[in-house]
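Listed here are the chains, written in short residue letters.
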Amino acid sequence: MVMSDMKYDYDLLVIGSGPGGEGAAMQAAKGGKRVAVVERHVSLGGGCTHWGTIPSKALRYSITSTMNALKNPMFREWGIRVSPTMKQLKQGTQAIIGKQVQMRQSFYDRNNVPVLKGTAVFVDDHTVDIEGERVTAGYFVIATGSRPFRPDGVDFSHPAIYDSDTILELDTKPHTITIYGAGVVGTEYASMFRNLGIKVNLVNTRDKLLEFLDDEIIDALSYHLRDQGVLIRHNETFESIEGCEGVGDCGAVLTLKSGKRLKTDVILWANGRQGNTAKLGLEAIGIEPNSRGQLIVDDQFLTARDHIYAVGDVIGYPSLASAAYTQGRAAAMHMLGEKDGNLRVHDIPTGIYTSPEISSVGKTERELTAACIPYEVGQSNFKSLARAQIVGATVGMLKLLFHRETREILGVHCFGVNASEIIHIGQAIMNQPAPNNTIEYFVETTFNYPTMAEAYRVAALNGYNRLF
Ligand SMILES: Cc1cc2nc3c(=O)[nH]c(=O)nc-3n(C[C@H](O)[C@H](O)[C@H](O)COP(=O)(O)OP(=O)(O)OC[C@H]3O[C@@H](n4cnc5c(N)ncnc54)[C@H](O)[C@@H]3O)c2cc1C
């Protein structure tokens, strides 16, 4: 373990209080280090808490629960017609953010980690300036997150033009929206707005949605989004976005290189993000970000300097809150001399909160085929599960990919209700040391009935029966 060097104010200074920064700060503090965190936002928690994961998921829950309740035929029989406003739908979000901030503040308090308010700028190898105050540390973790990439020539101050950080400020429910960029954030917002009854154009720059997913899941997502009424346009490239000028709020126009023009009440730009490194004073410490403002790190999250780590969105892929937290902890463990503490930093599941929800971990069929690994597939359709029938959530599927000979689980892919929870059962078994990582576990184990988890037994038996 590194010894405290009393010539510095702190052993570790963490820049940014999102999940990446918090993971690093807590791990190092528990390891006995003198730690402080710098945060420039008015309250802690990062983009994750204030303009990313938490508010978007809270809004999603609010939309789905409200719209499901309003679909109850009794409301129509009683002549009740309600159309919740954006303001009403967002009401619960602030309360959840408040609870999150309070809880996170208590972690820092309990672990004696001061949160220094202000913007950190490197002055030299071991010193940062925070609003005129100099603070020194032996080690640093840069966890400054990312922001939406904004193309030149688009006026994001126009009332009809938003990016993925500002869309939550939308106060009036539009009738129509165009979302440019069909990555995770774009498809999640497409689902959310469609569930609200808004007409949605989803413009994809590629030829498939979320092409890192298993092909069958991509097909299912495309089918269900279209079935719900989302108009998807693939292989398009942005030419310009212009906000309408004139009397009243008349929307904005997206012009595509193909010549198409889409006019809607609102345009959401959801295409790409860049690391928050611009005003960090990196030139003073000899670190150069890439063209997307991201920092390059090694396996232990060290930058080009051996006392400066970087974690979370600022290092790019996978740009998930879940991954950022684990990376932060891993960086702190390395600083404490524990290498990466055997954290499974590369075993990151994907959770996508579209309708239907999607989650996956491990290899896809495409990857296994390309690598010539002999695998077999076991599937369970939610429509055949008693629990899914009871709760009326029959859209979905669980798919297990396993090695034909060893029966080791190689990938788990799921879409449908609670997919992001269900996936963890498969992940837990897949990560066991051989021979405990096979589909046999699901064939031999008794599951509660009726549950969605039962899908694992059904899928394992389905796959088992294909073997010869
Ligand atoms: C709409 C949306 C939905 C998302 N949904 C999910 C999801 O469902 N699941 C999931 O896992 N991920 C989700 N993400 C991604 C997730 O929010 C990010 O991956 C996560 O927040 C990254 O954490 P971080 O710690 O790297 O950075 P952040 O959470 O962005 O925190 C960085 C912090 O650093 C501070 N900072 C920056 N520069 C300085 C400086 N110089 N000095 C002091 N402070 C500074 C910032 O103010 C900020 O508070 C979503 C993102 C978006 C945009």
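Residue numbers run consecutively from 1 along every chain, following the written order of its sequence. Totals for whole chains, interfaces and linings use all residues, but because this is a predicted model, local features are given only for residues with pLDDT of at least 70 and pairs of side-chain atoms are given and counted only at 80 or more.

Can you lay out the packing of helix H3 (residues 53-70) against helix H6 (residues 184-195) for me, pointing to particular residues and giving the numbers?
One way to put it is that H3 packs onto H6 with a least axis distance of 9 Å and a crossing angle of 30°. In terms of axis orientation, H3 runs roughly parallel to H6. The two elements H3 and H6 meet at a crossing, and its hand is left-handed. Here Ser-56, Leu-59, Arg-60, Ile-63, Thr-64 and Met-67 of H3 lie close against H6, whose contacting residues are Glu-188, Met-192 and Asn-195. Just so you know the grouping, Ala, Val, Leu, Ile, Met, Phe, Trp, Tyr, Cys and Pro go in nonpolar, Asp, Glu, Lys and Arg go in charged, and all remaining residues, Gly too, go in polar. Tallied by class, the residues present in the contact of H3 with H6 amount to four nonpolar, three polar and two charged. To get an axis, fit a line to the C-alpha atoms, keeping to the stretch in contact for a helix; angles then go from 0 to 180 degrees between the N-to-C directions. Think of it this way: any DSSP run of H or I at least four residues long counts as a helix, any run of E at least two long counts as a strand, and we number them from the N terminus. Note that the term roughly parallel is reserved for angles under 35 degrees, roughly antiparallel for angles over 145, roughly perpendicular for angles of 65 to 115, and oblique for everything else. If you view the pair so one helix is near and one far, a crossing is left-handed when the near helix is turned anticlockwise from the far one by less than a right angle, and right-handed when it is turned clockwise. Two residues qualify as being in contact provided that their C-beta atoms, derived from the backbone, are within 7 Å of each other.

Any details on the packing of helix H1 (residues 19-30) against helix H8 (residues 321-335)? Residues and values, ideally.
Two quantities define a packed helix pair, namely the angle between the helix axes and the distance between the axes. Between H1 and H8, the shortest axis-to-axis distance is 7 Å and the interhelical angle comes to 35°. In this structure, the crossing between H1 and H8 has a hand that is right-handed. Contacts between H1 and H8 pair Pro-19, Gly-20, Gly-21, Glu-22, Gly-23, Ala-24, Gln-27 and Ala-28 from the former with Ala-321, Ala-324, Tyr-325, Thr-326, Gln-327, Gly-328, Arg-329, Ala-331, Ala-332, Met-333 and Met-335 from the latter. Each residue belonging to the contact of H1 with H8 can be placed in one class, and the counts come to ten nonpolar, seven polar and two charged.

Which residues make up the site of the ligand, and what values go with them?
A residue counts as near a molecule or strand when its C-beta atom, positioned from the backbone, falls within 6 Å of it. Near the ligand, the surroundings consist of 37 residues, among which Gly-16, Gly-18, Gly-46, Gly-145 and Gly-312 are the closest. Broken down by secondary-structure element, the contributors of at least two residues to the shell around the ligand are H1, strand S2 (35-39), helix H2 (46-50), H3 and H8. Looking at the shell around the ligand, its residues break down into 13 nonpolar, 20 polar and four charged.

An account of the sheet that holds strand S20 (residues 375-381) is needed here, citing residue identities and associated values.
To summarise the sheet geometry, strands pair through backbone hydrogen bonds and adopt either a parallel or an antiparallel arrangement. Strand order across the open sheet formed by five strands is S18-S19-S22-S21-S20, with antiparallel pairing between neighbours. Two strands in the sheet have a free side with no partner beyond their single neighbour: strand S18 (350-352) and S20. Neighbour-to-neighbour, the strand axes of the sheet open up by a mean angle of 10°, direction not taken into account. Two strands pair under a simple rule: DSSP has to find at least two bridges between them. With five bridges connecting them, strand S19 (residues 358-362) and strand S22 (residues 409-416) associate as antiparallel partners. The residue bridging Ser-359 from the neighbouring strand is Cys-414, located in S22. On the sheet, helix H7 (residues 215-228) packs against S19, strand S21 (396-403) and S22 and is oriented at approximately 5° with respect to S22. The strands that helix H13 (residues 454-464) touches are S20 and S21; relative to S20, the one it contacts most, it runs at about 140°.

So what's going on with the domain arrangement of the chain? Which residues, and what values?
All domain edges in this entry derive from an automatic or database-based domain assignment. Domain annotation of the chain identifies domain 1 (10-55 + 90-148 + 274-347), domain 2 (161-271) and domain 3 (356-464). At the interface, four residues of domain 1 touch five residues of domain 2. The class makeup of the residues in the side of domain 1 that touches domain 2 is three nonpolar, no polar and one charged.

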